[in-house]
Amino acid sequence: MGAGWEWDETLFSGTAAFYRRGRLPYAPGLADLLAGVLHLDGRGRLLDLGCGPGTVALRLAGLFDEVVAVDPDPGMLAEAARGAAEPEVADKVRWVRARAEELPSGLGDFTVATLAQSFHWMDRERVAATVRGMLRPGGALVHISDLKGESRSVDGLPYPAVPRAAIDGLVRGWLGPVRRAGRGLLPRGTPSGEDAVLVGAGFAGPYRHVVPGGQALVRTWGDVVAEVFSMSFSAPHLFGDRLAGFEADLRRLLRDASPCGRFSERQPGTEVFVWPRGAD
């Protein structure tokens, strides 16, 4: 992650209960796209690293014989297990509490590994080399994220946009101008340059795909509060005994922005980079 910051177990502490409600889902069609480009037919094994509350693992479970989903946060894994309500899903997903840097630990080999907006929290060189070694010949690592830089205007929709700039300003007013992350700070944000890391580890590609979004969504005050508390930089524990005061200010800001209690939003697109394992 660069100088001056080290991962600690409080990074997402307290966020799991808000994650499923607060975070916008990946675009519809993600599973279909991956099934097509990776020729998935219900066999093979998936390794989902930094799985959170099972956002990707549960969505892709039907494409594999077995899914191993790994996350260091016990709250996230508890939420993930609760989300695996269907027996045919629960029976094929194994939840493992560990950091990606601690692998492998008898987990076997895999057809596909996924990293969904989690790679930047890891020792990327170490994890990339480890994951490549756990992939079967012909396997691939898939990096999944919201599509960056797209315009998602709410023109023509019935409610105001979520006032994210004002929310960011409120968070900075309560927590300071430098981004918080666990017990540390990220003055320069999270790192980029994943391509160089993965090429250096021996992966080929990447092959880029976009799952289009744009669908109209309605968000309530409560949804937006949950989104704020699902973020590492505004996790509930960062506010300490001032949490109630911050939440009161946040709800006041949301009421002022939309007195009816509703916001309009458009579903973000999803960007997918497929990295084949590459030849030895």
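Residues numbered from 1 in each chain as written. Predicted model: local features only at pLDDT ≥ 70, side-chain atom pairs only at ≥ 80, totals over all residues. Heavy atoms only, no water.

Caption draft 1: Spatial organisation of the layout of surface pockets. One number sums up the size of the second largest pocket: a volume of about 200 Å³. Lining the second largest pocket are 16 residues, and of these V37, L38, H39, G138 and A140 sit closest to its centre. If you list the elements that add at least two residues to the lining of the second largest pocket, you get α2 (30-38), β4 (110-116), β5 (135-146), β8 (207-211) and β11 (270-276). Split into classes, the residues belonging to the lining of the second largest pocket amount to eight nonpolar, six polar and two charged. (1 Å grid on protein atoms, 1.4 Å probe; cavity = no way out; pocket = protein on both sides within 12 Å on 5 of 7 lines; lining within 4 Å. Points joined across faces, edges and corners; volume = space filled by probe spheres on them. Helix = DSSP H or I, 4+ residues; strand = E, 2+ residues; numbered from the N terminus. Nonpolar A, V, L, I, M, F, W, Y, C, P; charged D, E, K, R; others polar.)

Caption draft 2: Seen up close, the pairing of β4. Among the seven residues that make up β4, six are buried, leaving the element largely enclosed by the rest of the structure. Taken together, the four bridges between strand β1 (residues 45-49) and β4 define a ladder with parallel strand orientation. The residue bridging L49 from the neighbouring strand is L115, located in β4. Sheet topology places β4 next to β5; six bridges connect them, and they run parallel. Among the inter-strand pairings, A113 is bridged to a residue of β5, identified as L141. (Buried < 20%, exposed > 50% of the residue type's maximum accessible area, 1.4 Å probe, protein only. Pairing = 2+ DSSP bridges.)

Caption draft 3: Representation of helix α9 (residues 221-229) within the structure. Burial analysis of α9 places eight of its nine residues in the buried class, which makes it a mostly covered element. Along α9, the residues classified as buried are G222, D223, V224, V225, A226, E227, V228 and F229. Tucked into the core, α9 has its buried residues touching α1 (16-22), α7 (164-175), β9 (216-220), α10 (243-257) and β10 (262-266). (Contact = heavy atoms within 4.5 Å.)

Caption draft 4: Region of the structure containing empty space enclosed by the protein. All chains considered together, the criterion is met by one cavity of 30 Å³ or more. Quantified by volume, the largest cavity comes out at close to 30 Å³. Around the largest cavity, the lining residues are L34, L38, L40, L46, L60, L63, F64, V112, T114 and V142. Listed by contribution, the elements that provide at least two residues to the lining of the largest cavity are α2 and β4. Here the lining of the largest cavity is composed, by residue class, of nine nonpolar, one polar and no charged.

Caption draft 5: Fine view of the nonpolar core. Counting residues in each nonpolar core, the largest one holds 32 residues, and the members touching the most others are L34, L38, L60, F64, V142 and I144. When contributions to this core are tallied by element, the ones reaching two or more residues are α2, α3 (55-60), β2 (66-71), β4, β5 and β11. Per-element accounting of this core gives the leading share, six residues, to α2. Non-local contacts of I144, meaning those with residues more than four positions away in its chain, are made with Y26, L30, L34, V56, T114, L115, A116, Q117, T270 and E271. Counting 25 residues, the second-largest nonpolar core is a separate cluster that includes A98, A113, M122 and V197. (Core = buried A, V, L, I, M, F, W, Y, C linked by side-chain atoms within 4.5 Å.)

Caption draft 6: Highlighting the pattern of salt bridges. Scanning the model with the defined rule gives 16 salt bridges in all. The salt bridge involving R164 is made with E227; its shortest N-O contact spans 2.9 Å. Taken as a pair, R164 in helix α7 and E227 in helix α9 lie far apart in primary sequence, 63 residues in all. You can call R164 partly exposed: its relative accessible area is 27%. Here E271 ties to R208 by a salt bridge, and the two come within 2.6 Å at their closest N and O atoms. Taken as a pair, E271 in strand β11 and R208 in strand β8 lie far apart in primary sequence, 63 residues in all. Residue E271 is classed as buried on the basis of its relative accessible area of 11%. Residue classification places R208 among the partly exposed residues on the basis of a relative accessible area of 48%. (Salt bridge = Lys/Arg side-chain N within 4 Å of Asp/Glu carboxyl O.)

Caption draft 7: Region of interest: the packing of aromatic side chains. Within this structure, the stated rule accounts for seven aromatic pairs. Of note, R45 hangs over the ring of F110, and the distance from its end group to the ring centre comes to 4.3 Å. (Phe/Tyr/Trp six-rings, centres within 6.5 Å; stacked < 30°, edge-to-face > 60°. Lys NZ or Arg CZ within 6 Å of the ring centre and 35° of its normal.)

Caption draft 8: Expanded view of α2. Residues L30, A31, L33, L34, A35 and L38 constitute the buried set of α2. Looking at the buried side of α2, the elements it contacts are α3, β4, β5, β8 and β11. Downstream of α2 by a residue or two, H39 has a phi angle that is positive, lying close to 55 degrees.

Caption draft 9: Up close: the packing of α9 against α10. Orientation of α9 relative to α10, taken along the N-to-C sense of each, is 135 degrees, at an axis distance of 10 Å. Classified by the interaxial angle, the pair formed by α9 and α10 is oblique. Here α9 and α10 pass one another in a crossing that is right-handed. Taken together, the residues of α10 that come into contact with α9 (itself represented by W221, V224, V225, V228 and F229) are L243, F246, E247, L250, R251, L254 and R255. (Axes fitted to C-alpha atoms, helices over the stretch in contact; angles between N-to-C directions. Parallel < 35°, antiparallel > 145°, perpendicular 65-115°, else oblique. Left-handed = near helix turned anticlockwise from the far one by under 90°.)

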